[in-house]
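Working through the structure, step by step
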Amino acid sequence: MKFAHLVDVNDFVNWCDYLGTLAFAISGIRLAAGKGLDWFGAYVVGFVTAVGGGTIRDILLDIKPFWLVQPSYLIITALGLIFTIIFRRQVVRLNHSLFVFDAIGLGLFVVVGVAKSYAAGFPWWVAVIMGTVTGSFGGLLRDVLINETPLIFRTDFYASACVLGSIIYVLMGRYSSLPIEWVQFISAISVFIFRVLAVVLHIQLPTFNPKLTEKSEQEKGVS
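Just so it is clear, the structure is predicted and the values come from calculations on it, not from any experiment. (Residues numbered from 1 in each chain as written. Predicted model: local features only at pLDDT ≥ 70, side-chain atom pairs only at ≥ 80, totals over all residues. Heavy atoms only, no water.)

**Overview of the packing of aromatic side chains**
Let me state the cut-off plainly: Ring pairs shown here join Phe, Tyr and Trp side chains whose ring centres sit within 6.5 Å, with only the six-membered ring taken for Trp; geometry is labelled stacked below 30 degrees between planes, edge-to-face above 60, and tilted in between. A 1.4 Å probe rolled over the protein chains alone gives each residue an accessible area, and that area as a share of the maximum for its type sets the label: buried under 20%, exposed over 50%, partly exposed in between.
Going through the model one piece at a time under the given rule, you end up with 10 aromatic pairs. Relative to Tyr73, the ring of Phe66 lies with its centre 4.7 Å away and its plane at 75°, an arrangement referred to as edge-to-face. The pair Phe66 / Tyr73 is uniform in exposure class, with both members buried. Among the aromatic residues, those joined into a ring-pair cluster are Tyr18, Phe66 and Tyr73.

Listed below in structure tokens is the structure:
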């Protein structure tokens, strides 16, 4: 294979997986705590946030979901719960804590999704999609569980950051001479930077104007 180095799920990817799990678990638990859920409910929300995107990815790639073959993801989520309980004043009360942990998990999981797609033998466009799914769908499930409009469906630059980071991974992996670990690191950092800049600079995707849609429908009814 011309780009055989892309299919390796190396130690850096494994660390991204574990650290991303912890970051997403804390973001889910933090949001659940803000909603007044008990510890068990917060754990469930944190676990779904951490493994939801990867589970959907593995199902689509027709491989056994990763958390069914090792208990480490359950343990990491428990560590996220303990961390939130111990530092609940700092984590729950700080307005930016959810955003920071969510952005970190987003970047790390994009790398995991792209790398595992290549390792399963899929082409680059599937890797881009699976990087986006791995990064953003855990947050989608989290928001559904706590009855929030999912970030991925709002104007926030969320899934779009995953798409751009996945494309950077693919392009640099194919056309640069950098070691694959550096490609993965740059991809993860780029997602984090895209997400932060979008929030700081208020960058949003265009939205449809529901009033214009309603007006058009009314005009059709009149005619």
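**Quick word on the UniProt feature "transmembrane region" (unreviewed entry) in the protein chain**
Heads up, the condition is: UniProt positions are given in the numbering used here, feature names are shortened, and annotations may be inferred rather than shown by experiment. Helix and strand definitions here come from DSSP, where helices need a minimum of 4 consecutive H or I residues and strands a minimum of 2 consecutive E residues; each element is numbered from the N-terminal end.
Mapped onto this structure's residue numbering, the UniProt feature "transmembrane region" (unreviewed entry) falls at residues 12-33, 40-60, 66-87, 99-118, 124-145, 157-176 and 182-203. Secondary structure within residues 12-33 divides into 100% helix and 0% strand; the distance between the first and last C-alpha atoms comes to 31 Å. Between the end C-alpha atoms of residues 157-176 there is a gap of 27 Å, over a span that is 85% helix and 0% strand.

**Some remarks on helix α7 (residues 159-175)**
Test applied: For a helix, the expected span equals 1.5 Å multiplied by the residue count minus one.
If you check α7, its first and last C-alpha atoms are 24 Å apart, about what 17 residues at 1.5 Å a residue would give, namely 24 Å. Every buried residue of α7 is accounted for by Ala159, Ser160, Ala161, Cys162, Gly165, Ser166, Tyr169, Val170 and Gly173.

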